[in-house]
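An overview of the molecular structure
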Number of protein chains: 4
Amino acid sequence: MTLRNQVYRMLERPDRREPVGRAVDIFLITLIIVNLLSVVFETVDWFYADYRLWFITIEVVSVAIFTVEYLARIWCCVEQDPDKPASSQRIGFALTPLALIDLLAIAPFYLAFLVTIDLRVLRVLRLLRIFKMTRYSSAMTMLLDVFRQEASAFVAGFFILVVLLVLAASGEYLVEHSAQPDKFGSIPEAMWWAVATLTTVGYGDVTPVTPLGKLFGALVTIIGIGMAALPAGILASGLADQLRRKREALAEQYRLALQDGKVDAEEKEALEEFRKSLGLSKALASEVLDKMRKRGPDVGQRFCPHCGSELGHGH
Amino acid sequence: MTLRNQVYRMLERPDRREPVGRAVDIFLITLIIVNLLSVVFETVDWFYADYRLWFITIEVVSVAIFTVEYLARIWCCVEQDPDKPASSQRIGFALTPLALIDLLAIAPFYLAFLVTIDLRVLRVLRLLRIFKMTRYSSAMTMLLDVFRQEASAFVAGFFILVVLLVLAASGEYLVEHSAQPDKFGSIPEAMWWAVATLTTVGYGDVTPVTPLGKLFGALVTIIGIGMAALPAGILASGLADQLRRKREALAEQYRLALQDGKVDAEEKEALEEFRKSLGLSKALASEVLDKMRKRGPDVGQRFCPHCGSELGHGH
Amino acid sequence: MTLRNQVYRMLERPDRREPVGRAVDIFLITLIIVNLLSVVFETVDWFYADYRLWFITIEVVSVAIFTVEYLARIWCCVEQDPDKPASSQRIGFALTPLALIDLLAIAPFYLAFLVTIDLRVLRVLRLLRIFKMTRYSSAMTMLLDVFRQEASAFVAGFFILVVLLVLAASGEYLVEHSAQPDKFGSIPEAMWWAVATLTTVGYGDVTPVTPLGKLFGALVTIIGIGMAALPAGILASGLADQLRRKREALAEQYRLALQDGKVDAEEKEALEEFRKSLGLSKALASEVLDKMRKRGPDVGQRFCPHCGSELGHGH
Amino acid sequence: MTLRNQVYRMLERPDRREPVGRAVDIFLITLIIVNLLSVVFETVDWFYADYRLWFITIEVVSVAIFTVEYLARIWCCVEQDPDKPASSQRIGFALTPLALIDLLAIAPFYLAFLVTIDLRVLRVLRLLRIFKMTRYSSAMTMLLDVFRQEASAFVAGFFILVVLLVLAASGEYLVEHSAQPDKFGSIPEAMWWAVATLTTVGYGDVTPVTPLGKLFGALVTIIGIGMAALPAGILASGLADQLRRKREALAEQYRLALQDGKVDAEEKEALEEFRKSLGLSKALASEVLDKMRKRGPDVGQRFCPHCGSELGHGH
């Protein structure tokens, strides 16, 4: 086993039970969190003045480690498919979203040597390291999946929201323009009111004052609340759908494992791995298992094949 | 093939794969978007002063094109059913919602020559051209369908909202009237507070100040949040329902295409067209297809192809 | 047929197709709406000054009609079950919620002769006539059904909301009391902030100003938004459930009507009545019917008995 | 039957129909509510001044009773399993969440004798007695169950919310810092705006004022509303799921009771107990029962007793 192969197994973890790889993962996650906290608290002036050296040390050490990590990933990605030509495989890997995020996480540091950027912007750009978490977070993966699957519904929801925003801002501009020329001076300015109203944020820094403006504003609010909540509804129902499908996948695995009447240690571990990879809680998994066990092995005859609950003695 | 028939095929696109018609669609969509942006940014005074000529040119050219489009649609609509008398068919077409929207989009321009309208109102009215998008947007079609199907539930939701608004405004008017006669001077005035509160917008420009007013306001808010969210909930669940039915329709098409064990190029293109017309994302379609493939060709016998549950042995 | 029987059939409409009863219903609904508008606009001072006589006339005529209606309902309710003793049946009827609402709608007028009530309170109390709409509105009936069925879940949701409100108000009182003794002077006062925050109304008239107060406030808001939305979620899912069951009931009726292969005029009218009594829209009903028709008469064999969609040719 | 056994049956109520235990429960629930009201209203200065003696009496008597209750529970918990060694069983019991809450409810009082705590903090800490309600409230139990089952989805939702909050606060800090150094002085300060905006509370005490700040704020709001509502959506759908499962469990019990064609008094009482323990409303239970009855005794053969759909002819 070559060094490159060992690094590959450590970083990309094709076998999720590898203990060294798990330790590396935990170390990198910790480092990302420390980085985020550092960027956030660096902006508190007195805090930065007191702990300047700490902040700089964290930054330099982090960039060093992230750079080594990035190069190592590029170097060892060839192991995935040893038969393909190395260079084309590396270019392909470097263009995957995850590799681009890794590059983005270290780029601002090196860029500062080449071009002059405002220091403050530079600092905050480091926050994009948060997206390195995508690799480890099943939450983000799940959300991205929902976005991809419900893409067309989202586009529909946002299109309707934009139409509503434009119409609401234009109407209110028409009726409030002369009364409040500073706040409803143009449709783009009136849009600030429309966004705050239709999303129900309602800051109150811009509100209609004329009776007609209030009447129109009230109508827009009442009609709009349902439609502004559409993207939220689509996301929530998409997520519920995905969780349901994951549960069914887990139940299917349990059913297969239970088919011979017992679950041995190896099967148990495999099921546990599968549960983790789906991102489901232990309480949920044990409930699914309990339900399965009660049914016994000859599922097909004593249970309704559709809802899965036990059928009466009359069958 | 006559010219009228060619124009008809180009504008109404009975065959969705016609390339010229697709180009015309994209051109018209672009023109609508340019128009909307023009109306919105015209209201920014310095922007209008600088680019006055541009705005006027866009308006005149757009109205010319939309007028030609409208007349062409009226002229060639006869092609749809060549056996019926032309004039009655044209009147029928001119009264369809889409044709009325097309007329509404150009009417303000010509109306300005006949009657004197406030220039500002006239400008903003051009925003109604946004509804010309209905023809091209599956999002709007879907929303209109949901509205039609859940009409009775919507009426119910809005009726309850109105009852709540009236009761909340009246109660708060009673307890706050003497403390804030300028803000709670009458029930219609108190309605502004009630709308802002029950929709959870909460501008804060009108708030109860007396202890009793706060107590009543708090109770109304707590009781009301559930009910004000009703129309939103109905819309979201209606949309989820419709998406589900569309997915089932797509799955059914895939099943039919897969029945002979393979999907040829022609079938693929037809399925792709069908997917687009339903407004579903590619990711979703490929997932549906994957699920179908895994089941194998004899799907029809062991599983219900729609709900996917195993059928009894008796089937 | 006695007069009492005729009045009974007109007011209570045991046969929903009775044309006179329908006219009486529409008249009473119109009268209620006129009453509500009258109460609302009476509070606008200049409006009341100008149309004083109109308002008084509407009130006196309405009370007269509602009184006659109430007495007539009490008088003729005996027709429902002619075998029972009349007086006990009348007392039972007078204690039903709908009869109590009818009494409540006229009581304030007569009460003003007996006791001295503030005129303003008296006027607004007339708004309770809105509840007379319950008899005619399928929306309100549906909502009341959902409330009754999901009663325990609602109690749970509100109990958790109250616990959250008390804890949030107490915590913020502790940390903000010394900084803003006028706004967070006691836990009941801090409750006003807690309600505005947890319901996401956010007036902004009371906000924490200390760093600790803001930190606690932010945590409460983030944790709380999920739980404050619980009653809304329960209501929405309860309503969706009920709509689903109604649709199934309608589909069942259609299936029965279609069993002999055709739907005659009488069946059609009966189905239309049934659809109206369920409060479902025409678009929805026609969709259900279309789906049914496509299936043909021998449903049991060609369709999955569970999801109802057509099974493949392999069956 | 020893005294310890009697106390055990009274406090822990293994048999839920025990009348003495029910009385003790109601007494303790009342005492907790009186305590909560006392803590809340003690903070109103003039109220405390007037009824000082009452508040002190309530506190001393409550602590005495809660202490006796706590000691009694520790003492008699051995009855649950008389064969195990008493001391280890008592330690185990003392470490259960419910026993720890009981300790927490009395600890502040005794702690005040040992260490010096701010009197105000001490008073408010007594509010934690609200958690003693967990033992009696099916609402809280249900919520805790949902939390445990949907744990991973919650973590996902909150993780995404935190990512959004950090990115929104950082972006707004960048663009608004120079215009409003007092309100957007650092990322942690900007977080207050981000929380108020993404949760749609929108106090309005901090709002962007620069055009770029408003543009970014509007984008964040529109994109964010969907994602901030995720935890609420997960909780609501989890709760709906659990209610559904409870209904199915109740329906199953009804089916078993109905199998011999009739429901006798004893069965009725047992079903009523079961319904109460599930926390379902009477209206719901009677609807489930009605549905069962209509189907007749041979339910088991033509319909699946769980999902209610007709079973195939092969069954």
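Residues numbered from 1 in each chain as written. Chains lettered and ligands numbered in written order. Predicted model: local features only at pLDDT ≥ 70, side-chain atom pairs only at ≥ 80, totals over all residues. Heavy atoms only, no water.

Taken together, the 54 residues of chain D in the interface contact 52 residues of chain A. Counting the surface lost from both chain D and chain A, the interface buries some 4,400 Å², and carbon and sulfur atoms represent 73% of this. The three residues of chain D that bury the most area against chain A are Q149(D), F159(D) and I222(D), which together make up 12% of that side's buried surface. For the pair chain D and chain A, the interface holds zero salt bridges. Where the side of chain D that touches chain A is concerned, the elements lending two or more residues are α8 (138–149), α9 (151–176), α10 (187–198), α11 (211–228), α12 (230–258) and α15 (299–302) of chain D. Considering every element that reaches the side of chain D that touches chain A, the biggest residue donor is α9(D), with 12 residues. Here the side of chain D that touches chain A is built from residues that sort into 28 nonpolar, 20 polar and six charged. (Contact = heavy atoms within 4.5 Å. Buried area = accessible area lost by both parts, 1.4 Å probe. Salt bridge = Lys/Arg side-chain N within 4 Å of Asp/Glu carboxyl O. Helix = DSSP H or I, 4+ residues; strand = E, 2+ residues; numbered from the N terminus. Nonpolar A, V, L, I, M, F, W, Y, C, P; charged D, E, K, R; others polar.)

Here the focus is the relation of the copies chain D and chain A. Between chain D and chain A, which share one sequence, the superposing operator has a rotation angle of 90° and an axial displacement of 0.0 Å; the RMSD is 0.1 Å. Such a turn and shift between the copies fits a four-fold axis. Taken together, the interface assignments show that only 17% of the residues at the interface of chain D recur at the interface of chain A, consistent with different surfaces on the two copies. (Least-squares fit on C-alpha atoms with pLDDT ≥ 70 in both.)

Residue and element names in this part refer to chain B. Of all the residues in helix α5 (residues 86–94), the buried ones are Q89, F93 and A94. Each buried residue of α5 lies within a common arc of 135° when the element is viewed along its axis, so the set occupies one face. The exposed residues of α5 that point more than 90 degrees off its buried face are S87 and I91. Summarising the contacts, the buried residues of α5 are in contact with α4 (52–76) and α6 (97–114). (Buried < 20%, exposed > 50% of the residue type's maximum accessible area, 1.4 Å probe, protein only. Arc of directions from axis to C-beta.)

Residues and elements named next belong to chain A. With 91% of its residues at a pLDDT of 70 or more, chain A has an overall mean of 82. In the model of chain A, helix α15 (residues 299–302) stands out as the element of lowest mean pLDDT, 36, in contrast to helix α10 (residues 187–198), which has the highest, 94. Here residues 296–315 scores under 50 on pLDDT; set against residues more than four positions off or in separate chains, the count is 42 contacts. (pLDDT = per-residue confidence, 0-100.)

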